[in-house]
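Analysis of the macromolecular model
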Amino acid sequence: MLRRTVTCGEIRESHVGQTVRLNGWVNSYRDHGNLIFIDLRDRYGLTQLVFDKEDAVSAGATSGSAGDKHAHAGLMGAADKLRNEDVIAIEGKVRVRIGGENPKLPTGKVEVVVTNLEVLNKTANPPFLPDDNAALPNEELRLTHRYIDLRRPSAQKVLTTRHNLYKSTRAYFDQHGFTEVETPILYKSTPEGAREFIVPCRNVPGTFYALPQSPQLFKQILMVSGLDRYMQICRCFRDEDPRADRQPEFTQIDLEMSFVRREHIMEMMEGFVRRLWKDLANVDVPPIRVMGYREAMEDYGIDRPDTRYDLKIKDISEFAAKMDFKVFKDALEKGKDRPRFNSKRGVVKMIRVPGGAEKLTRKITDDYSNLVKPFGAGGVAVVKIVKGEDGSPKLDTGIAKFLEPLKAEFLTLSGGQIGDTILFVADAYAIATKAIGELRQKVARDMGLVPRPGAEGGPWNFLWVVDFPMFEKNKETGKWVAMHHPFTSPRDDQMQAFLNADVEDDDTIEAIVSAGYDIVLNGQEIAGGSVRIHDGAVQSKVFKLLGLTPESAKEKFSFLLEALSFGAPPHAGIAFGLDRLVMNFVGTDNIRDVIAFPKTQIGADLMTKAPSPVPDKNQAEVHIKSTWVPPEKK
């Protein structure tokens with residue numbers, strides 16, 4: 001094989017006159033009569049090759065050798081048979097590009113006149129070409145032939161970006177004294193929230209491993225062991241339905257520190273964010289704003305708010321109580337004796353949409369009611385502010401007649417101007433807040449307020465969200481669950497209230513604030529963490545509030561409880577979603593674009609055809625048998 005001396009992305013004018021060797025894939029083929037042009041591609045770029053019939057004839061004539069003429073004729077014949085995605089090696093001389101410079105390519109000022117060609121592999125007719133300039137085929141076809149899809153320069157850029165992110169991550173944490181430790185993939189099944197992948201154990205019949213949802217307990221054990229600062233770029237697994245930003249297996253940057261409080265780890269991780277964005281995007285990240293969970297929910301209706309646009313939510317419950325509107329009155333009767341912000345207390349919330357009177361048509365606003373109903377809300381009330389005959393603001397459509405008696409107060413309260421649309425949701429706090437938070441995001445898209453992903457250079461709106469509730473009610477079971485995970489500590493000033501809480505005291509438990517913290521970027525959580533529980537008594541109380549009996553807690557977590565009893569230091573940690581970080585750097589909102597071999601929406605690998613049936617013999621070896629019956633055999 002003609003082993004390459006340069007890559008397809010590095011030839012420049014300084015190489016003119018030199019003989020070089022290149023290896024790669026035929027990216028395009030153009031026959032111009034006496035000239036054949038080939039764009040040769042490798043992961044580094046493109047170089048134009050020239051097969052020149054006149055050069056072949058003159059070279060043969062000059063040498064006077066029939067053998068040379070035959071060789072050149074053979075070269076041209078071989079070149080004429082080349083097609084896209086053939087793999088070739090060539091040797092040739094670099095010259096200034098005769099047909100004119102191609103300013104779109106770093107190699108666009110030169111070309112290589114080929115004197116020797118070796119076809120390393122002829123391709124079958126590919127189902128599609130890895131061309132970033134052409135319309136992409138459907139995703140199913142691309143994932144089935146992922147090896148071709150990954151040849152696209154943009155796909156290669158993704159893999160390179162991931163590599164550079166790994167390098168930057170390891171360099172930063174190495175500089176700050178972290179030790180990288182691999183934790184087990186075959187793990188113990190524990191109730192951490194998401195559904196697990198389970199693996200049967202052949203040597204101990206009837207027992208199973210679980211694939212880890214995260215290395216959470218192992219990294220806490222490492223802190224008890226005295227490691228002090230741990231990091232790992234690790235694979236995690238959750239048997240959940242994939243979404244645009246979620247896969248059943250994913251990668252996270254996992255971190256833990258001993259002898260720290262919340263502010264210490266936040267400072268360390270903020271430095272990491274600055275390092276990443278400087279290394280990978282050449283962006284200087286300013287100090288990251290800190291926002292409390294309650295402020296996020298009140299202003300944005302979500303604990304990962306996108307602050308690139310305004311559209312803040314406003315609680316107008318006190319004002320709404322004055323209105324003669326049954327929907328609002330009924331909502332405000334719900335849990336009216338409960339504390340403010342209690343999930344069951346009725347509220348009325350609104351969003352002012354500047355310019356919405358023109359852009360948000362009746363059909364659009366009618367559809368908003370369908371949007372909020374899956375979250376438990378009854379619908380969305382609407383009023384538009386238009387110009388009256390006298391030029392003053394006039395309330396129009398929707399619930400205008402109910403607001404008219406309080407018009408002046410409403411305009412002052414809402415800040416409404418001519419041309420605005422005001423949207424309202426009324427229900428119990430948890431329902432109304434969730435519904436209007438989702439509505440806010442939909443309105444922002446409808447109004448064209450959401451910028452494209454970060455590939456265009458930003459804006460990069462980072463946010464720390466802190467002070468999450470420690471517990472929330474599971475809608476299906478009615479039981480308390482940990483909002484982050486059951487190893488998160490209460491905030492220091494909440495510890496006594498937590499220890500005094502009774503499992504039946506819903507209002508008290510709901511009000512307990514944890515020492516959790518998330519990093520949010522443009523409405524997406526990119527990292528989540530917390531101060532951990534390092535006291536066994538506190539951990540046991542969490543298990544009790546979550547409905548675990550002492551026997552059940554011991555069965556599932558005896559190793560953790562024992563470790564905490566043997567001198568566990570205060571510790572805290574966080575995990576970054578590596579795939580989500582890459583999504584931001586390359587500018588996509590689909591996690592499948594940034595994973596080399598992703599799964600589909602139903603968790604299938606179309607290239608390898610996984611998951612696949614396992615023969616009964618193999619099932620028997622691990623003491624299991626599938627109970628699934630194909631529909632046609634039922």
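A brief structural summary. Given the structure is predicted, the values throughout are model-derived calculations rather than measurements.

1. Remarks on the pattern of salt bridges
Tallying each qualifying case throughout the model produces 45 salt bridges. In this structure, Lys-122 engages Asp-86 in a salt bridge whose closest nitrogen and oxygen atoms are separated by 2.7 Å. On the criterion of sequence distance, the pair formed by Lys-122 in the loop between β5 (110-121) and α3 (139-144) and Asp-86 in the loop between α2 (66-80) and β4 (87-96) is long-range, its members being 36 residues apart. For Lys-122, a relative accessible area of 43% puts it in the partly exposed group. With relative accessibility at 0%, the residue Asp-86 sits in the buried group.

2. With respect to the packing of aromatic side chains
Scanning all chains against the criterion turns up 20 aromatic pairs. With a centroid separation of 6.0 Å and an interplanar angle of 35°, the aromatic rings of Phe-410 and Phe-424 are classed as tilted. With Phe-410 in helix α14 (residues 407-414) and Phe-424 in strand β16 (residues 421-428), this pair connects stretches of sequence that are 14 residues apart. Like Phe-410, the residue Phe-424 is buried in the burial classification. Between Trp-464 and Tyr-517 the ring centres are 6.1 Å apart and the planes differ by 80°, which places this aromatic pair in the edge-to-face class. Here the residue Trp-464 occupies a position in strand β17 (residues 462-466), and Tyr-517 occupies one in strand β20 (residues 516-521), the gap between them amounting to 53 residues. According to the relative accessible area criterion, Tyr-517 is buried, its value standing at 1%.

3. Topic: unusual backbone geometry
Residue Pro-611 follows Ala-610 across a cis peptide bond; omega there is 0°. Of note, Pro-611 is situated in the loop between α20 (578-586) and α21 (616-621).

4. Concerning the sheet that holds strand β15 (residues 393-396)
The five strands are arranged β12-β13-β16-β14-β15 in an open sheet whose pairing can be described as antiparallel. Strand pairing shows two members of the sheet lacking a second neighbour, β12 (313-315) and β15, which therefore form its edges. Going from strand to strand, the sheet's axes swing by 25° on average, the running direction of each strand aside. Both β12 and strand β13 (residues 346-353) contribute to a ladder of three bridges, which runs antiparallel. What sits directly across from Lys-314, in β13, is Met-350. The sheet strands contacting helix α8 (residues 293-300) are β12 and β13, and the helix crosses β12 at an angle near 100°.

5. Description of a nonpolar patch on the surface
Together, Ile-198, Phe-208 and Ile-624 make up an exposed nonpolar region whose accessible area comes to about 270 Å². Looking at where Ile-198 falls in the secondary structure, it is placed in strand β7 (residues 198-200). Ile-198 sits in the exposed class, given a relative accessible area of 55%.

6. Notes on the packing of α8 against helix α15 (residues 429-446)
Put simply, α8 and α15 touch, their axes get as near as 8 Å, and they point 65° apart. Facing Arg-294, Met-297, Glu-298 and Tyr-300 of α8, the residues of α15 in contact are Tyr-429, Thr-433, Gly-437 and Arg-440. Of the residues that constitute the contact of α8 with α15, the class distribution is three nonpolar, two polar and three charged.

7. Brief notes about the environment of Val-290
Looking at the secondary structure, you find Val-290 in strand β11 (residues 289-292). A sequence separation of 173 residues divides Val-290 from Leu-463, and the C-alpha atoms of the two residues are 6.0 Å apart. The residues touching Val-290, leaving out its near neighbours within four places in the chain, are Met-266, Trp-464 and Val-466.

8. Re helix α18 (residues 536-545)
When we look at burial in α18, the residues that qualify are Val-538, Gln-539, Lys-541, Val-542, Phe-543 and Leu-545. Residues of α18 that are buried in the fold lie against β18 (471-473), β19 (480-482), α16 (495-500), α17 (506-511) and α19 (550-564). Count one or two residues on from α18 and you reach Gly-547, which has phi positive near 90°.

9. Focus: the environment of Asp-507
Relative to the elements of secondary structure, Asp-507 occurs in helix α17. As a C-alpha pair, Asp-507 and Arg-338 span 169 residues in sequence and 7.9 Å in three-dimensional space. What Asp-507 contacts, discounting residues up to four positions off in sequence, is Arg-338, Pro-339 and Asn-342. A polar side-chain atom of Asp-507 sits 2.6 Å from a polar atom in the side chain of Arg-338.

10. Considering the nonpolar core
Inside soluble globular proteins, nonpolar side chains tend to come together where they are buried. Among the nonpolar cores identified, the biggest contains 44 residues, and Ile-253, Met-269, Trp-277, Phe-462 and Phe-576 are the most heavily contacted of them. Tallying contributions element by element places helix α7 (residues 262-281) first for this core, with eight residues. Formed by 33 residues, the second largest nonpolar core is a distinct cluster that contains Met-291, Ile-313, Val-372 and Ala-377.

11. Considerations on the pairing of β15
Bridge count between strand β14 (residues 381-387) and β15: four bridges; the pairing is antiparallel. Along β15, the bridge assignment pairs Lys-384 with Asp-396.

12. Considering the packing of α18 against α19
It is the contact of α18 with α19, at a shortest axis distance of 10 Å, that shows an interaxial angle of 160°. Put simply, α18 runs roughly antiparallel to α19. α19 is crossed by α18, and the crossing has right-handed handedness. Within the contact between the two elements, α18 uses Gly-536, Gln-539, Ser-540 and Phe-543 and α19 uses Ala-553, Phe-557, Leu-560, Leu-561 and Leu-564. Each residue belonging to the contact of α18 with α19 can be placed in one class, and the counts come to six nonpolar, three polar and no charged.

What counts and how
Residues numbered from 1 in each chain as written. Predicted model: local features only at pLDDT ≥ 70, side-chain atom pairs only at ≥ 80, totals over all residues. Heavy atoms only, no water. Salt bridge = Lys/Arg side-chain N within 4 Å of Asp/Glu carboxyl O. Helix = DSSP H or I, 4+ residues; strand = E, 2+ residues; numbered from the N terminus. Buried < 20%, exposed > 50% of the residue type's maximum accessible area, 1.4 Å probe, protein only. Phe/Tyr/Trp six-rings, centres within 6.5 Å; stacked < 30°, edge-to-face > 60°. Pairing = 2+ DSSP bridges. Axes fitted to C-alpha atoms, helices over the stretch in contact; angles between N-to-C directions. Contact = heavy atoms within 4.5 Å. Patch = residues over 30% accessible without salt bridge, like charges linked within 9 Å, V, L, I, M, F, W, Y side chains within 5 Å. Areas by Shrake-Rupley, 256 points an atom, 1.4 Å probe, with all protein chains shown as cover. Nonpolar A, V, L, I, M, F, W, Y, C, P; charged D, E, K, R; others polar. Polar contact = N/O pair within 3.5 Å; in protein donor to acceptor, adjacent residues only side chain to side chain. Core = buried A, V, L, I, M, F, W, Y, C linked by side-chain atoms within 4.5 Å. Parallel < 35°, antiparallel > 145°, perpendicular 65-115°, else oblique. Left-handed = near helix turned anticlockwise from the far one by under 90°.

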